[in-house]
Amino acid sequence: MKLVKRLGSLLLGPIPVSRDRAISISERLAAATTLTSSVEFLAQREEIREGGLNHWDVIRQVNAESSPITRRLLDLVASPRTTTALHLARTAVSAGLLLHPGNSRWRGAGNLFLGLSSVALYPRHRYGTDGSDQVAILTQLCTGLARTSRSPQTQDALLWYLAAQSNLSYVVAGWLKLVGESWRDGSALPGILRTRTYGHEPSYRLTRRYPRASKALTHGVLALECLFPLAYLGGGRLARPVIGGAAAFHVTNGFVMGLGRFVTSFLSMHPAVAYTSAPKDHPAVAGRDDRAMLANALLMAGATAGAVAVGVHRRLRVVAGSGSSRHVTTRHGNRLQYESVGGEANQERPVLVFAAGMASTPEHFAWLVEKIVAEVDCEAVTYARAGYAGSRRGATTPFRLSESVDDLVDLVRSAVPPHRKVVLVGHSLGGELARRAAVQLGDRLHGIVYLDPSHPDQLNRSAQQSATARSFGASLSLMIWSLRCGLGVLLSRPQWLQDLPPRCRRRVFDQYADSRLWEAGRREWRAVEEDFRGFTGPVGPTPVHALVISAQQTVDRDPEQLLMHHELAGAHSGEGRHARTVVLEGATHDSMLTHGRFATEAGRHVVDFLNSTAPSPHHAGTDAEKEPRP
C-alpha cells in the first residue's frame, strides 16, 4: 500500500517551481533554441546567396506593398553583413545566457535582444523558420520583460501570459487535429511517418506491424493536446503526467521527425505552466499573484461576446440581401434568394442564369455580369443555392446533387417568363449542375456556358483531384468549427476579395466569415464526392449550344482537366449547334471571375457566343467548333 502511495505521489501532483526558477529555466531553453537556429544559419549561408532559397532579391517581393520605411529597414537587416553580424551576436548572447547564472537585468536585456532580433530576421529567413522560432520569440519577450521588472506582480502576470499561450497552443492544435478524419481513424501517424520530409522508416514499419498500438498512440496525442489544461485540475494534481507527457511527445518528435528546435522551444513554456498550476498555498509559489488569470478570463469573455455580436450582425446583413433581392420556394421546400438585372429593353435575348461554384457567392459573377449586360443588354439572374447567403434549405431528406439541380430548374421556371429562352452560366460545380438541369429544361434552354467546370469523372480520372479530395473536406470542417467558435473576427481579407468590384466586397466578406457558407459547401462536397466517385460515364449528349472556358493555370497543372473540358464541349456537338472551347490565358480557377481583367476577357467570349448563336436570317448554324479561338 505504501508503494502504491509512493508511486502515486511520484506520478501525480504539482511540479513546485519558484518564480525565479521558472524564469531561469524558460530563458535557458529558449536561448538553446536561438543558439541552434543561428548556428544553422551560419553553417548554411549559401541559402541567402543568389540562387539560394532565401535570396533577398526574390524574398523581398513579398513585402512589395509595405511602407517605404519598412522596406528600407528590411533591406538593411537583409544585407549579408548585417544578417551575419546579428546571428553572431545572437550566438554569443545565447551562449552567455546558457553558461552564466544569475537573475540580473542584463539577462533581461539579452532575452529581449534575442526575441526582437528574431522578429527582425523573420522576413529575411522566410523559408526555414517554423513554429519553434515563434515560440522562442514569445518566451524570450516574456522572460526579458520579467527580468527587467522588479515587480513580482508584473513577473507573475507575464508568467501567466506565457502559460496561457502554452495551453492555447496545445488545445488549438489538438482540436484542429480532431477535425481531421485521419486523426480520428488513427491513420495520421503512419501517414506522417512515411513522408520524405518528416518520416522515419523504422517507426513507420512499427506502426504497420502494430496498428492497434499506432492508433492508440495517435488518439493519445489527441487527448494530450485537447485536454492539456487538465494540468490545472485539483490544484495541479495532473500537472506531472500532462507536462511530462507533452515533454516526451516533443522529445520523440525531435528524434523521429527531426524537429530538434521544437523540443527546447515548447519545453521553454512548461516552467510557466508548472508555476501557475501549483496550488497557491505551496511554499514554492507563496505570494503568487493570480489576478492576471482573472483579467485574462474577463478579457476572453469580453472578446467572445464581441465576436458573437459581430458574427450575428454579419449574418443578418447576409440573410437580408440587397434591396432588390427576390425569393422563390422550390419543390424541395428550399427558399432561394436571387437578383435580376438588365434586359428591360431587349426581350428577344435569352435570360442568363448564373450558378456559382462550391463555397462561392453570387457576387463572384459581378464583373462578368457587368460586362455581358453592358454589351448585349440581356437579363442576368444570379442566385444563392440553399444554405448560402439568404437562401434557406427546407428539405428534410439527405442532400443529393439532384436537389440543387431541381432547385435550379425551379428557379428558372419561376424567375424567367415562359416565353423567354435561357442560357445557364455555371462556374466549377455550377457548370455540372447546369449540364444536369438541361434535361428538365428541354426546349427552354438555349445554351450553356461552362466556366472552368467540374466534370463528373474528375475524381476518378484526375490523380491530382483525387489526392486533394480528402484534405479539401478537412479544410471545410476546419473553417466551420473556427467560425462557430467566433474566430470570424480574426479572418483577414484575401487579395481576391480586393479584386472584386467595391460594391460587392463587404457582402462577400460577410458571407465568407459566416459558417453557413462553409456548412453548405461541406454538405455539397460530401454529395459531390459520393456522386463523382460513382460515375461510370460517358457524359451523355446535351443538344444545346455550349461554350467551355478553361482557366489556363487549371489545365496547365492538370492536363487531364483540359481533356475533360473538351469532352463536355463534345457532348453538345451536332448539326446546327455551336460547341466551342476557349482557354483563358493567365487565369486561375477563381481569378477568371474575381479579377477584372480576366473576367472582362471571359465576358467578351460569352458575348461572342451569344451573338454567334442568336437566331437571324444570316445565321443558320454551323457545325460544332472545338478549337480554341485565337
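Caption draft 1: Expanded view of the overall build of the protein. The helix and strand tally for the protein stands at 28 helices and eight strands. In the protein, which comprises 630 residues, the share counted as buried stands at 48%. Look at the contacts in the protein between residues 6 or more apart in sequence, and 78% of them connect residues 24 or more apart. As displayed, the protein offers around 30300 Å² of accessible surface, 59% of which is attributable to carbon and sulfur atoms. Taken together, the 72 basic and 55 acidic charged side chains of the protein have centroids lying 11 Å from each other.

Caption draft 2: Representation of the nonpolar core in the model. Among the nonpolar cores identified, the biggest contains 62 residues, and Val 353, Leu 401, Leu 411, Val 412, Leu 424 and Trp 518 are the most heavily contacted of them. Setting aside residues no more than four positions away along its own chain, Leu 424 makes contact with Val 353, Leu 408, Val 412, Ala 434, Ala 437, Leu 441, Leu 445, Gly 447, Ile 448 and Val 449. Core analysis: the next-biggest nonpolar cluster, separate from the first, contains 38 residues, Leu 158, Val 242, Ala 246 and Met 269 among them.

Caption draft 3: Spotlight on a nonpolar patch on the surface. There is a patch of nonpolar side chains on the surface, built from Leu 168, Val 172, Leu 176 and Leu 478 and spanning about 300 Å² of accessible area. Ranked by residues supplied to the nonpolar patch, first place goes to helix 8 (residues 152-179) with three residues. Note on placement: Val 172 falls in helix 8.

Caption draft 4: Up close: the pairing of strand 7 (residues 545-551). In terms of burial, strand 7 is a largely internal element, seven of the seven residues being buried. With burial as the criterion, each face of strand 7 is covered, one bearing His 545, Leu 547, Ile 549 and Ala 551 and the other bearing Ala 546, Val 548 and Ser 550. Pairing of strand 6 (residues 445-451) with strand 7 involves five bridges; the strand directions are parallel. Bridge pairing in strand 7 links Tyr 450 to Val 548. Relative to strand 8 (residues 579-584), strand 7 runs parallel, the two sharing six bridges. Counterpart to Ile 549 in the pairing with strand 8 is Val 582.

Caption draft 5: Geometry of the packing of helix 2 (residues 19-43) against helix 6 (residues 105-121). Viewed as axis vectors pointing N to C, helix 2 and helix 6 meet at an angle of 40°, and their least axial separation amounts to 11 Å. Comparing the axis directions of helix 2 and helix 6 gives the class oblique. When you trace helix 2 past helix 6, the crossing you get is left-handed. The segment helix 2 lies against helix 6, with Glu 27, Arg 28, Ala 31 and Thr 34 engaging Arg 107, Asn 111 and Leu 114. Across the contact of helix 2 with helix 6, the residue classes tally to two nonpolar, two polar and three charged.

Caption draft 6: Seen up close, the side chain of Glu 403. Mapping Glu 403 onto the fold places it in helix 18 (residues 401-415). A polar contact of 2.8 Å, which involves the side chain of Glu 403, links it to the side chain of Arg 393. Contact partners of Glu 403, with chain neighbours within four places excluded, come to His 332, Asn 334, Arg 393 and Ala 395.

Caption draft 7: View of the sheet that holds strand 2 (residues 335-341). Ordered in space as 1-2-4-3-5-6-7-8, the eight strands form an open sheet in which the pairing is mixed. Of all the strands in the sheet, the pair left with one neighbour each is strand 1 (326-329) and strand 8. Taking each pair of neighbouring strands and ignoring which way they run, the sheet shows an average axis angle of 20°. Docked against the sheet, helix 26 (residues 559-570) engages strand 6, strand 7 and strand 8, running at close to 155° with respect to strand 8.

Caption draft 8: Inspection of helix 5 (residues 80-99) at higher detail. Between the first and last C-alpha of helix 5 there are 29 Å, a value that for 20 residues agrees with the 28 Å anticipated at 1.5 Å per step. Taken together, the buried positions of helix 5 are occupied by Thr 83, Thr 84, His 87, Arg 90, Thr 91, Ser 94 and Leu 97. An end-on view of helix 5 places all buried positions within 155° of arc, on one side of the element. What points out from helix 5, more than 90 degrees from its buried face, is the exposed set Arg 81, Ala 92 and Leu 99. Contacts from the buried residues of helix 5 go to helix 2, helix 4 (68-78) and helix 6.

Caption draft 9: Region of interest: the pattern of salt bridges. Inspection of the entire model under this criterion finds 30 salt bridges. In this structure, the salt-bridge partner of Glu 27 is Arg 147, at a minimum N-O distance of 2.8 Å. Of this pair, Glu 27 sits in helix 2 while Arg 147 sits in helix 7 (residues 131-148), placing them 120 residues apart in sequence. In terms of burial, Glu 27 and Arg 147 fall into one category: buried. Between Arg 435 and Glu 432 there is a salt bridge; the shortest N-O distance is 2.7 Å. Here the residue Arg 435 and the residue Glu 432 both occupy positions in helix 19 (residues 429-441), the gap between them amounting to three residues, near one helical turn.

Caption draft 10: Region of interest: the pairing of strand 1. For strand 1 and strand 2, the ladder comprises four bridges, and the chain directions are antiparallel. Bridging across to strand 2, His 327 finds its partner in Gln 337. Joining the antiparallel neighbours strand 1 and strand 2 is a turn of five residues, in which Gly 333 adopts a positive phi near 85°.

Caption draft 11: Structural context of the confidence of the model for the protein. With 95% of its residues at a pLDDT of at least 70, the protein reaches an overall mean of 89. Every residue in residues 617-630 is under pLDDT 50, and counting partners more than four places away or in other chains gives 31 contacts.

Caption draft 12: A look at the environment of Phe 354. Mapped onto the secondary structure, Phe 354 falls in strand 3 (residues 351-355). Residues contacting Phe 354, with those up to four places away along its chain left out, are Phe 365, Leu 368, Val 369, Ile 372, Ala 380, Val 381, Thr 382, Tyr 383 and Val 425.

Caption draft 13: Representation of the environment of Pro 202. Among the structural elements, Pro 202 can be located in helix 11 (residues 201-209). C-alpha separation for the pair Pro 202 and Val 256, spaced 54 residues apart in sequence, amounts to 9.3 Å.

Caption draft 14: Representation of unusual backbone geometry. Although it is not a glycine, Asp 377 adopts a positive phi angle of roughly 50°. For Asp 377, the position within the fold is in the loop between helix 17 (366-376) and strand 4 (380-384). Residue Asp 377 is classed as partly exposed on the basis of its relative accessible area of 28%. The phi dihedral of Ser 428 falls on the positive side, at around 55°, and the residue is not glycine. Structurally, the position occupied by Ser 428 is in the loop between strand 5 (422-427) and helix 19.

Caption draft 15: Geometry of the packing of helix 8 against helix 15 (residues 270-277). One way to put it is that helix 8 packs onto helix 15 with a least axis distance of 8 Å and a crossing angle of 110°. Classified by the angle between their axes, helix 8 and helix 15 sit roughly perpendicular to one another. In this structure, the crossing between helix 8 and helix 15 has a hand that is left-handed. Counted together, Asp 156, Leu 159, Trp 160, Leu 162, Ala 163, Ser 166, Asn 167 and Tyr 170 of helix 8 and His 270, Ala 272, Val 273, Tyr 275 and Thr 276 of helix 15 form the full contact between these two elements.

Conventions adopted
- Residues numbered from 1 in each chain as written.
- Predicted model: local features only at pLDDT ≥ 70, side-chain atom pairs only at ≥ 80, totals over all residues.
- Heavy atoms only, no water.
- Helix = DSSP H or I, 4+ residues; strand = E, 2+ residues; numbered from the N terminus.
- Buried < 20%, exposed > 50% of the residue type's maximum accessible area, 1.4 Å probe, protein only.
- Contact = heavy atoms within 4.5 Å.
- Areas by Shrake-Rupley, 256 points an atom, 1.4 Å probe, with all protein chains shown as cover.
- Lys, Arg positive; Asp, Glu negative; His and termini not counted.
- Charge placed at Lys NZ, Arg CZ, Asp CG, Glu CD.
- Core = buried A, V, L, I, M, F, W, Y, C linked by side-chain atoms within 4.5 Å.
- Patch = residues over 30% accessible without salt bridge, like charges linked within 9 Å, V, L, I, M, F, W, Y side chains within 5 Å.
- Salt bridge = Lys/Arg side-chain N within 4 Å of Asp/Glu carboxyl O.
- Pairing = 2+ DSSP bridges.
- Axes fitted to C-alpha atoms, helices over the stretch in contact; angles between N-to-C directions.
- Parallel < 35°, antiparallel > 145°, perpendicular 65-115°, else oblique.
- Left-handed = near helix turned anticlockwise from the far one by under 90°.
- Nonpolar A, V, L, I, M, F, W, Y, C, P; charged D, E, K, R; others polar.
- Polar contact = N/O pair within 3.5 Å; in protein donor to acceptor, adjacent residues only side chain to side chain.
- Expected span 1.5 Å × (residues − 1).
- Arc of directions from axis to C-beta.
- pLDDT = per-residue confidence, 0-100.

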